Amino acid sequence: FSDIGSAVWLSNSDLLITARRTGADLMQMWQLGLDGSSKQWTTELSTYLRLSISADRANVVAIQSRVDSNVYLASGAAPAVVKDPVSFKQMTRESGVQFGTSGMSWTPDGRLVYWYLGLDRPQLRVINGDGSNNRELTNEKVRNPESPLVTPDGKYLLFNAVNDREEIFLWRME
C-alpha cells in the first residue's frame, strides 16, 4: 500500500483498513489477517476515508467520498465569453465515473480525446464534438494514461502512462 488511512480491529482479530494500493487513485477498504492475508472489501469508484466500529464489534461505519464528473460543451463561443451555464451541452452522461479530470485535448477534426476513470481502470477515450461515438482508445496494457495532447496536425496522440516497472513515460499513438 502507498497510503493507509483509518483502521479498526474486527471481532476475529483481523484489521480493517482504508488504504490506497501503490499506483491506485482511490482509498479502498481492506481486511488484513494476522497471517498476512488480505481481502479487498470495496472496489467501486469511491474513496473510503474513515472507519469506526461499534463496541460489540458487530457494526462498521465508513465515510465514502464519490466524485462524479462529466464533459460539457459551450459551442460557438470562447469559454471566457459564455456567461450562462444553461448554454453548456452535456456530452457525457454517466454517474460514478470521472471524465477529463486528468486531461483532454481537441483533435483538428472536432473530436475530443479525454481521460476517463470507470470501475475497472483509467483509460483514454475519444468522442465526437456532438457527443456521439464515445469509444476507448487505450487498452488494458496501457496503465494509468493521463494528460492527452493531440498534435496540431492530428497525426499523433501523446500522453503519459505507467510501464511494468512503475515508471512514468511519454507515449505516442497514431
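Details of the structure are given in the entry above.
Keep in mind that this is a model prediction, so the values were computed, not measured.

Novice: What am I meant to see in the sheet that holds strand 13 (residues 143-150) here?
Specialist: As a general point, the strands of a sheet are linked pairwise by backbone hydrogen bonds and lie either parallel or antiparallel. Pairing is antiparallel across the open sheet formed by three strands, whose spatial order is 13-14-15. Single-partner strands in this sheet number two, and they are strand 13 and strand 15 (168-173). Here the strands of the sheet are splayed against their neighbours by 25° on average, with no regard to which way each runs. The pairing of strand 14 (residues 157-162) with strand 15 spans six bridges and is antiparallel. Residue pairing for strand 15: Val 162 is matched across the bridge by Ile 168.

Novice: What should I look at first to understand the packing of aromatic side chains in this one?
Specialist: Aromatic rings considered in pairs are described by the distance between their centres and by the relative angle of their planes. This model, assessed by the stated rule, comprises two aromatic pairs. A ring pair is formed by Phe 1 and Trp 30, whose centres lie 5.3 Å apart and whose planes are at 70°; its orientation type is edge-to-face. Here Phe 1 is found in the segment before strand 1 (3-9), whereas its partner Trp 30 is found in strand 3 (residues 28-32), with 29 residues between them in sequence. Classification of Phe 1 by relative accessible area gives partly exposed; the value is 44%. With 6.3 Å between their ring centres and 10° between their planes, Phe 159 and Trp 171 make a pair best called stacked. Residue Phe 159 is found in strand 14, and its partner Trp 171 is found in strand 15; the two are separated by twelve residues along the sequence. Using a relative accessible area of 30% as the deciding quantity, one classes Trp 171 as partly exposed.

Novice: Help me out: how do you make sense of the pattern of salt bridges in this one?
Specialist: Should the charged atoms of two oppositely charged side chains come close, the side chains can pair. Counting across every chain of the model gives two salt bridges. The salt bridge partner of Arg 20 is Asp 3, with a shortest N-O separation of 3.0 Å. One end of the pair, Arg 20, is in strand 2 (residues 15-20); the other, Asp 3, is in strand 1, with 17 residues separating them in the sequence. Using a relative accessible area of 22% as the deciding quantity, one classes Arg 20 as partly exposed. Ionic pairing is found between Asp 109 and Arg 111, a salt bridge with its closest N-O pair at 3.2 Å.

Novice: Would you take a moment to explain the sheet that holds strand 10 (residues 112-117) for this structure?
Specialist: An order of 9-10-11-12 is seen for the four strands of this open sheet, with the pairing classed as antiparallel. Looking at which strands have only one partner, the edges of the open sheet turn out to be strand 9 (98-106) and strand 12 (135-136). Sheet topology note: the strand 10/strand 11 (residues 122-127) ladder contains six bridges and is antiparallel. Among the inter-strand pairings, Tyr 114 is bridged to a residue of strand 11, identified as Arg 125.

Novice: What am I meant to see in the side chain of Ser 105 here?
Specialist: Take Ser 105: it is sitting in strand 9. By relative accessible area, which is 9% here, Ser 105 ends up buried. In this structure the side chain of Ser 105 is engaged in a polar contact, spanning 3.0 Å, whose partner is the backbone nitrogen of Val 150. Non-local contacts of Ser 105, meaning those with residues more than four positions away in its chain, are made with Arg 111, Leu 112, Val 113, Pro 148, Leu 149 and Val 150.

Novice: Explanation requested: the nonpolar core in the structure shown.
Specialist: One broad trend across soluble globular proteins is that nonpolar side chains are buried collectively. Among the nonpolar cores identified, the biggest contains 21 residues, and Phe 99, Leu 157 and Phe 159 are the most heavily contacted of them. Elements supplying a minimum of two residues to this core: strand 10, strand 11 and strand 14. It is strand 10 that contributes the most residues to this core, six residues altogether. In this structure, Phe 159 is in contact with Leu 124, Thr 138, Val 142, Pro 145, Glu 146, Ser 147, Pro 148, Phe 169, Leu 170, Trp 171 and Met 173, ignoring residues within four places of it in sequence. Formed by seven residues, the second largest nonpolar core is a distinct cluster that contains Leu 10, Leu 16, Met 29 and Tyr 48.

The rules we used
Residues numbered from 1 in each chain as written. Predicted model: local features only at pLDDT ≥ 70, side-chain atom pairs only at ≥ 80, totals over all residues. Heavy atoms only, no water. Pairing = 2+ DSSP bridges. Helix = DSSP H or I, 4+ residues; strand = E, 2+ residues; numbered from the N terminus. Axes fitted to C-alpha atoms, helices over the stretch in contact; angles between N-to-C directions. Phe/Tyr/Trp six-rings, centres within 6.5 Å; stacked < 30°, edge-to-face > 60°. Buried < 20%, exposed > 50% of the residue type's maximum accessible area, 1.4 Å probe, protein only. Salt bridge = Lys/Arg side-chain N within 4 Å of Asp/Glu carboxyl O. Polar contact = N/O pair within 3.5 Å; in protein donor to acceptor, adjacent residues only side chain to side chain. Contact = heavy atoms within 4.5 Å. Core = buried A, V, L, I, M, F, W, Y, C linked by side-chain atoms within 4.5 Å.

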